Amino acid sequence: EAGVTQFPSHSVIEKGQTVTLRCDPISGHDNLYWYRRVMGKEIKFLLHFVKESKQDESGMPNNRFLAERTGGTYSTLKVQPAELEDSGVYFCASSQGLYNTEAFFGQGTRLTVV
Amino acid sequence: DAKTTQPPSMDCAEGRAANLPCNHSTISGNEYVYWYRQIHSQGPQYIIHGLKNNETNEMASLIITEDRKSSTLILPHATLRDTAVYYCIVPDNILTGGGNKLTFGTGTQLKVEL
């Protein structure tokens, strides 16, 4: 069974450009999460989807970030326009339930804004 | 803010047991304790979780004190590949609307040496 996959693994873009990150969760997992780690900081929660609905987007840093999960399958995270402080590693995770269940993480997308 | 406190670093000799402590004195009665680890820059990896009974799986054992205010993750025979940052996490309680959002904190850097 495939795990959580993320595309691309690395992305280097210029400040002001747009980047879209993609996450394919484990098949059948209704819950999908985005996290990120910026340089030298802790891994921080961004948002949580239950199927196609945003359950919690309290961690989204600002309105330059837009996450979607059309059809409740894969999810995209768009950064537009990208700023230097958006550089970091973006992780996606999925889980089958909300309670007494583990989350499975992808390998992350390393985003560098120059 | 993280609900847990962990020592910032620990060393362990290869082949010996690694015992990683965690304090979670404010844990509620229906909140689980989860352990994840991050090896180098890979995505976080689930290890084990428990509520009040001790748990064991193929990776580790989790010992939770009777008052549930602290726990210990045990890697019975640590190898060099177990060198990682280990995170003890008490997710927000779904019953209070918190879902399964993970707050990673700074974790414990475990270094396994020859």
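Residues numbered from 1 in each chain as written. Chains lettered and ligands numbered in written order. Predicted model: local features only at pLDDT ≥ 70, side-chain atom pairs only at ≥ 80, totals over all residues. Heavy atoms only, no water.

Student: Tell me what's going on with the overall build of chain B, and back it up with residues and numbers.
Tutor: A tally of helices and strands in chain B yields zero helices and nine strands. Overall, chain B shows an N-to-C arrangement of helices and strands of β-β-β-β-β-β-β-β-β. Taking 13 Å as the expected radius of gyration for a compact globule of 114 residues, we find that chain B reaches 14 Å, a close match to that expectation. Overall size of chain B, expressed as C-alpha extent along the three principal axes, is 45 × 30 × 25 Å. (Helix = DSSP H or I, 4+ residues; strand = E, 2+ residues; numbered from the N terminus. Rg over C-alpha atoms; globule rule 2.2 N^0.38 Å.)

Student: With reference to specific residues and values, describe the interface of chain B and chain A.
Tutor: Chain B puts 20 residues into the contact, and the matching count from chain A is 19 residues. Summed over both sides, the interface of chain B with chain A buries roughly 1900 Å², with 53% coming from carbon and sulfur. For the interface between chain B and chain A, the tally reads one salt bridge. A salt bridge links Lys101 of chain B to Asp56 of chain A; its shortest N-O distance comes to 3.3 Å. Our count for the contact surface shared by chain B and chain A stands at seven residue pairs in polar contact (both at pLDDT 80 or more). Secondary structure elements with two or more residues in the side of chain B that touches chain A: strand E3 (33-38) and strand E4 (45-50) of chain B. With three residues, the top contributor of residues to the side of chain B that touches chain A is E3 of chain B. Grouping the constituent residues of the side of chain B that touches chain A by class yields nine nonpolar, 10 polar and one charged. (Contact = heavy atoms within 4.5 Å. Buried area = accessible area lost by both parts, 1.4 Å probe. Salt bridge = Lys/Arg side-chain N within 4 Å of Asp/Glu carboxyl O. Polar contact = N/O pair within 3.5 Å; in protein donor to acceptor, adjacent residues only side chain to side chain. Nonpolar A, V, L, I, M, F, W, Y, C, P; charged D, E, K, R; others polar.)

Student: Tell me about the environment of Gly72 of chain A, residues and numbers included.
Tutor: All names here are of chain A. Turning to its location among the elements, Gly72 is positioned in the loop between strand E7 (65-68) and strand E8 (75-79). Considering only alpha carbons, one finds Gly72 and Ser53, 19 residues apart in sequence, at a separation of 7.8 Å. Sequence-distant contacts of Gly72, defined by excluding residues within four places in its chain, comprise Lys51 and Glu52.

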